[in-house]
Amino acid sequence: MSIHKESVQEKIKKLKEQTAFYVDEMKRLVEELDPRKEVSIVSYFTTSLNISYDADQESLCLGSYHIRNIGNQPLTNPYICIKLPEDSPFSFSGRYVYEHFNQNLKTSGSWERIHDTSNKTEFWLKPLGKTIIEPNETISFTNFQIKWSHHLSYAGTITGFTYCDELQEGVFVLNPINLNGMSSVKEGQDG
């Protein structure tokens, strides 16, 4: 019986050693694996509206466009497109510079308008001095303005897209800005 007991204990000991070896080997292999590379962003508008019901006064949307890296990998060379609807009464302005501007105006935190800079409906912008958005970091294009008068009825959606080297197809903004209203002055009527 004691030989049999010794044999069982020896087998248990060998099994424990083998199990410990396998567990250690699996831990080593898991540690060698690259963490799952995940590229993910969220872009969204924050806005404040000042709507005038006087046909002679302009209405105003103050806004900011935010990009948050919610993935675990840095995003390189980010840029955005803010798009106004075609044939809308909306006009866009913001604090951005052009490529030909004096270097003194191109400070860190500024944004530069790129692509077709004469286009009145698409505003392509890239941050200056900021080529990487780290995981859990947010960058923002702040304090843009959309103005319109509503001596005529108006309707339209302002959209946004975020691009970077890793997401060349672009990511649509979570909350497009929808603006619509009826004129208090009937069309064809003066006054």
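Structural notes, computed from the coordinates. (Residues numbered from 1 in each chain as written. Predicted model: local features only at pLDDT ≥ 70, side-chain atom pairs only at ≥ 80, totals over all residues. Heavy atoms only, no water.)

Looking now at the overall build of the chain. The helix and strand inventory of the chain stands at one helix and twelve strands. Secondary structure elements in the chain, listed N-terminal to C-terminal, are α-β-β-β-β-β-β-β-β-β-β-β-β. Expressed as a percentage of the 191 residues in the chain, the buried residues total 30%. Considering only intrachain contacts with a sequence separation of at least 6, the fraction spanning at least 24 residues in the chain is 70%. Within the structure as shown, the chain displays about 12700 Å² of accessible surface, and the carbon and sulfur contribution to it stands at 51%. (Helix = DSSP H or I, 4+ residues; strand = E, 2+ residues; numbered from the N terminus. Buried < 20%, exposed > 50% of the residue type's maximum accessible area, 1.4 Å probe, protein only. Contact = heavy atoms within 4.5 Å. Areas by Shrake-Rupley, 256 points an atom, 1.4 Å probe, with all protein chains shown as cover.)

Let us now look at the packing of aromatic side chains. Tallied over the full model, the rule gives 14 aromatic pairs. Judged by centre distance (5.8 Å) and plane angle (80°), the ring pair of Tyr96 and Tyr98 falls under edge-to-face. By relative accessible area, Tyr96 is classed as buried at 15%. Geometrically, the ring pair formed by Trp148 and Tyr154 is tilted, given 5.5 Å between the ring centres and 50° between the ring planes. Assigned by exposure class, Trp148 and Tyr154 land together as buried. (Phe/Tyr/Trp six-rings, centres within 6.5 Å; stacked < 30°, edge-to-face > 60°.)

Turning our attention to the pairing of strand 11 (residues 167-172). Pairing analysis gives three bridges linking strand 10 (residues 154-164) to strand 11, with the strands arranged antiparallel. Note that in strand 11 the partner of Cys164 across the bridge is Leu167. Hairpin remark: strand 10 followed by strand 11, antiparallel, with two residues in the connecting loop. (Pairing = 2+ DSSP bridges.)

This paragraph deals with the environment of Asn178. Inspection of the secondary structure puts Asn178 in strand 12 (residues 177-181). For the pair formed by Asn178 and Thr159, sequence separation is 19 residues and the distance between their alpha carbons is 8.8 Å. Sequence-distant contacts of Asn178, that is, excluding residues within four places in its chain, are made with Gly156 and Thr157. A polar contact of 2.6 Å, which involves the side chain of Asn178, links it to the side chain of Thr157. (Polar contact = N/O pair within 3.5 Å; in protein donor to acceptor, adjacent residues only side chain to side chain.)

Moving on, we come to the side chain of Ser64. Within the element layout of this structure, Ser64 appears in strand 2 (residues 58-69). Assessed through its relative accessible area of 10%, Ser64 is described here as buried. The contacts of Ser64, once residues within four sequence positions are left out, are Tyr44, Phe45, Thr46, Phe141, Thr142, Asn143 and Phe144.

We now examine the nonpolar core. A general trend in soluble globular proteins is that nonpolar side chains are found buried together. Residues Tyr65, Ile82, Phe92, Phe141, Phe144, Ile146 and Ile158 are the most contacted members of the largest nonpolar core, which totals 28 residues. Secondary-structure elements contributing two or more residues to this core are strand 1 (41-50), strand 2, strand 4 (79-83), strand 7 (122-127), strand 9 (138-149), strand 10 and strand 12. Looking at this core element by element, the count peaks at five residues for strand 9. Sequence-distant contacts of Phe141, defined by excluding residues within four places in its chain, comprise Gly63, Ser64, Tyr65, Ile80, Ile82, Phe92, Gly94, Arg95, Tyr96, Trp111 and Leu125. (Core = buried A, V, L, I, M, F, W, Y, C linked by side-chain atoms within 4.5 Å.)

Regular strands place their side chains on alternate faces of the sheet. Direction of pairing for strand 2 relative to strand 9: antiparallel, over a ladder of ten bridges. The residue bridging Gly63 from the neighbouring strand is Phe144, located in strand 9. In this sheet, strand 9 lies alongside strand 5 (residues 91-93) in antiparallel orientation, the contact comprising three bridges. Residue Ser93 lies in a different strand from strand 9, and its bridge partner there is Gln145.

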